[in-house]
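Report on the structure
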Amino acid sequence: VEIPASVHRIILGEGRLVYALAPLEKQHLFDHIVGWQGEFRGADTQSYDQYVATFPQAAGIALIGKTTADTVSPERVLDLHPDLAILTVSGHGPGKSSELVTQLESAHIPVVFVDFRADPLHDTVASMQILGRVLHRETEAADYLSFYQSHLKRITDRIATVPQAQRPRV
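Below is a summary of the structure that appears in this document. (Residues numbered from 1 in each chain as written. Predicted model: local features only at pLDDT ≥ 70, side-chain atom pairs only at ≥ 80, totals over all residues. Heavy atoms only, no water.)

Extensive coverage of strand β4 (residues 84-88) is indicated by the burial of 5 of its 5 residues. Of the two faces of β4, both are covered, the one formed by L84, I86 and T88 as well as the one formed by A85 and L87. In this structure, strand β1 (residues 10-12) lies alongside β4, joined through 3 bridges in parallel fashion. Bridge pairing in β4 places I10 opposite L84. Of the strand pairs in this sheet, β4 and strand β5 (residues 111-114) are connected by 4 bridges, and their pairing is parallel. Paired with T88 across the strands is V114, a residue of β5. (Buried < 20%, exposed > 50% of the residue type's maximum accessible area, 1.4 Å probe, protein only. Helix = DSSP H or I, 4+ residues; strand = E, 2+ residues; numbered from the N terminus. Pairing = 2+ DSSP bridges.)

Turning our eyes to something else, we now look at the packing of aromatic side chains. Tallying each qualifying case throughout the model produces 12 aromatic pairs. Summarising the aromatic geometry, the rings of F30 and W36 are spaced 5.7 Å apart at their centres and angled 80° between planes, so their arrangement reads as edge-to-face. You'll find F30 and W36 in the same group, each marked buried. Aromatic side chains Y144 and F147 sit 6.2 Å apart centroid to centroid with 45° between the ring planes, which places their arrangement in the tilted category. Taken together, the residues span about one helical turn, with Y144 and F147 both in helix α7 (residues 138-159) at a distance of 3 residues. (Phe/Tyr/Trp six-rings, centres within 6.5 Å; stacked < 30°, edge-to-face > 60°.)

With that settled, the discussion passes to the side chain of S127. With respect to the helices, strands and loops of the structure, S127 is situated in helix α6 (residues 120-134). For S127, the residues in contact, after removing those within four places along its chain, are V114, D115 and F116. (Contact = heavy atoms within 4.5 Å.)

Another point: the nonpolar core. L12, V18, F30, W36, I86 and L131 are the most contacted members of the largest nonpolar core, which has 29 residues in total. Breaking this core down by element, the ones donating at least two residues are β1, α1 (18-25), β2 (33-37), α3 (45-54), β4, β5, α6 and α7. Ranked by the residues each element gives to this core, the list is headed by α1, at 4 residues. Listed in part, the 15 residues of the second largest apolar core include V34, V77, A85 and L100. (Core = buried A, V, L, I, M, F, W, Y, C linked by side-chain atoms within 4.5 Å.)

Below, the structure written as structure tokens:
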């Protein structure tokens with residue numbers, strides 16, 4: 001995928017991808033997001049409301065769909081003239097085999113896929129590295145991943161001596 005030197009207009013295949021973008025974009029979180037799926041508003045209304053309180057421009061971001069991939073409007077997405085589309089490999093938004101991906105690629109709009117749901121323990125690091133690269137926030141991604149991996153290590157170290165059969169299921 002060839003990413004523009006400067007990304008100004010981003011489409012999120014799922015609104016909840018803001019959780020992953022937040023540690024990278026910080027106070028500029030909503031500066032470049034021009035469209036997103038609407039599931040965030042209904043699935044986590046408290047967080048959505050807090051984001052809007054902190055970043056009022058979040059309320060004005062165009063909805064490209066409601067809560068499922070089949071509600072995403074390719075016409076609406078293309079009308080927003082994105083420089084980049086960030087989609088997930090699974091979840092509520094359009095996936096790799098989506099007609100939207102074909103249309104974006106035909107329009108020469110770069111599409112990247114991340115995963116924080118299907119296999120988060122395996123794919124989070126790679127997904128954050130991808131986001132760091134495409135958003136030109138490699139330092140912020142490395143800082144977040146250091147934080148993430150240190151906390152994950154603390155957990156895995158604590159349970160390492162507990163036999164598998166005795167570990168609580170969550």
